[in-house]
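Coordinate inspection notes
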Amino acid sequence: MFHQPLTDTDQQALLRAARDVAGNAHAPYSGFHVGAAVLTEGGTVYRGCNVENASYGLTICAERAAIFSAVAGKGAANVRIRAIAVQTASGVPASPCGACRQVIYEFNPDALVLFQSEDGLESMTARELLPHGFGLD
Ligand code: THU
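My aim in this report is to walk through the structure given alongside it, one point at a time.

How each quantity is defined
- Within each chain, residue numbers correspond to sequence positions counted from 1 in written order.
- With the structure being a predicted model, the display of local features is reserved for residues of pLDDT at least 70 and the display and counting of side-chain atom pairs for 80 or more, all residues being used for whole-chain, interface and lining totals.
- Note that the side-chain values use all heavy atoms of the structure and ignore hydrogens as well as water.
- Being near a molecule or strand, for a residue, comes down to having at least one heavy atom within 4 Å of it.
- Here a polar contact means two N or O atoms within 3.5 Å. Within protein one must be a hydrogen donor candidate and the other an acceptor candidate, and residues neighboring in sequence count only if both atoms are side-chain atoms.
- Calculation of accessible area relied on Shrake-Rupley with a 1.4 Å probe; when residues are assessed, cover is drawn exclusively from the protein chains displayed.
- Residues are grouped as follows: nonpolar covers Ala, Val, Leu, Ile, Met, Phe, Trp, Tyr, Cys and Pro; charged covers Asp, Glu, Lys and Arg; every other residue, Gly included, is treated as polar.
- Note on aromatic contacts: the rings of Phe and Tyr and the six-membered ring of Trp form a pair at centre separations within 6.5 Å, being stacked when their planes are under 30 degrees apart, edge-to-face when over 60 apart, and tilted otherwise.
- The helix and strand labels rest on DSSP assignments: H or I over at least four residues marks a helix, E over at least two residues marks a strand, and numbering proceeds from the N terminus.
- Each salt bridge in this description consists of a side-chain nitrogen of Lys or Arg and a carboxyl oxygen of Asp or Glu lying within 4 Å of one another.
- Accessibility here uses a 1.4 Å probe with only protein chains present; expressed as a share of the type maximum, an area under 20% marks a residue as buried, one over 50% as exposed, and anything in between as partly exposed.

**A closer look at the site of the ligand**
By nearness alone, every residue bordering the ligand is listed as S30, F32, V34, N50, E52, T59, C61, A62, E63, S95, P96 and C97. For the ligand, an oxygen atom lies 2.9 Å from a polar atom in the backbone of A62. Backbone polar atom of C97 to an oxygen atom of the ligand: 3.4 Å apart, as the coordinates give it. In the complex, the protein chains occlude 77% of the 370 Å² of accessible area that the ligand would expose alone. Residue composition of the shell around the ligand, grouped by class: six nonpolar, four polar and two charged.

**As for the packing of aromatic side chains**
In the structure shown here, the tally under the stated rule is one aromatic pair. Both rings, one in Y29 and one in Y56, keep their centres 5.4 Å apart while their planes meet at 45 degrees; by these two values the pair is tilted. With Y29 in the loop between α1 (8-22) and β1 (34-40) and Y56 in the loop between β2 (45-49) and α2 (62-74), this pair connects stretches of sequence that are 27 residues apart.

**Section: the pattern of salt bridges**
Summed over all chains, the structure comprises two salt bridges. As a salt-bridge pair, E41 and R80 come within 3.4 Å of each other at their nearest N and O atoms. Note that E41 is positioned in the loop between β1 and β2 and R80 in the loop between α2 and β3 (81-88), a separation of 39 residues in sequence. The exposure class assigned to E41 is buried, which follows from its relative accessible area of 13%. Measuring nitrogen to oxygen at the nearest pair gives 3.1 Å for the salt bridge that ties R127 to D110. Within this pair, whereas R127 is found in helix α4 (residues 126-129), its partner D110 is found in the loop between α3 (98-106) and β4 (112-117), the two being separated by 17 residues in sequence.

Coordinates in, geometry out; function isn't part of it.
Below, the structure is given as structure tokens:
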């Protein structure tokens with residue numbers, strides 16, 4: 001499916017969705033609240049936030065929470081990520097961690113990744129964030 005680049009209005013709407021859901025984060029240990037919003041090529045937006053745990057390693061990042069919600073919502077075969085926005089409530093823009101980069105890559109290496117904080121907005125593709133991402137084909 002061919003898509004025009006996301007308009008600035010669409011980007012702002014996706015970033016707003018990410019900003020809104022960051023308020024739902026469960027981050028009592030780090031105090032670092034992250035929201036993510038996935039826009040699928042079908043046009044649906046799915047959101048996720050980070051959820052921490054007293055057993056720290058069980059924490060899930062906002063990006064993977066949003067992507068897993070998309071898969072649960074419409075079935076993996078129907079999920080191709082057009083763009084994902086990541087918003088942190090404070091501090092530097094949260095460039096997705098390595099694990100999240102690989103999961104974004106799985107659902108479209110050419111997905112646009114936007115990450116924003118009060119310090120600014122960055123934008124690049126999943127492939128740029130994860131050169132030589134892992135694949136089985
Ligand atoms: N976190 C995310 O949600 N996304 C990222 O891309 C990086 C880190 C979360 C995990 C943890 O709850 C907190 O930020 C601090 O690492």
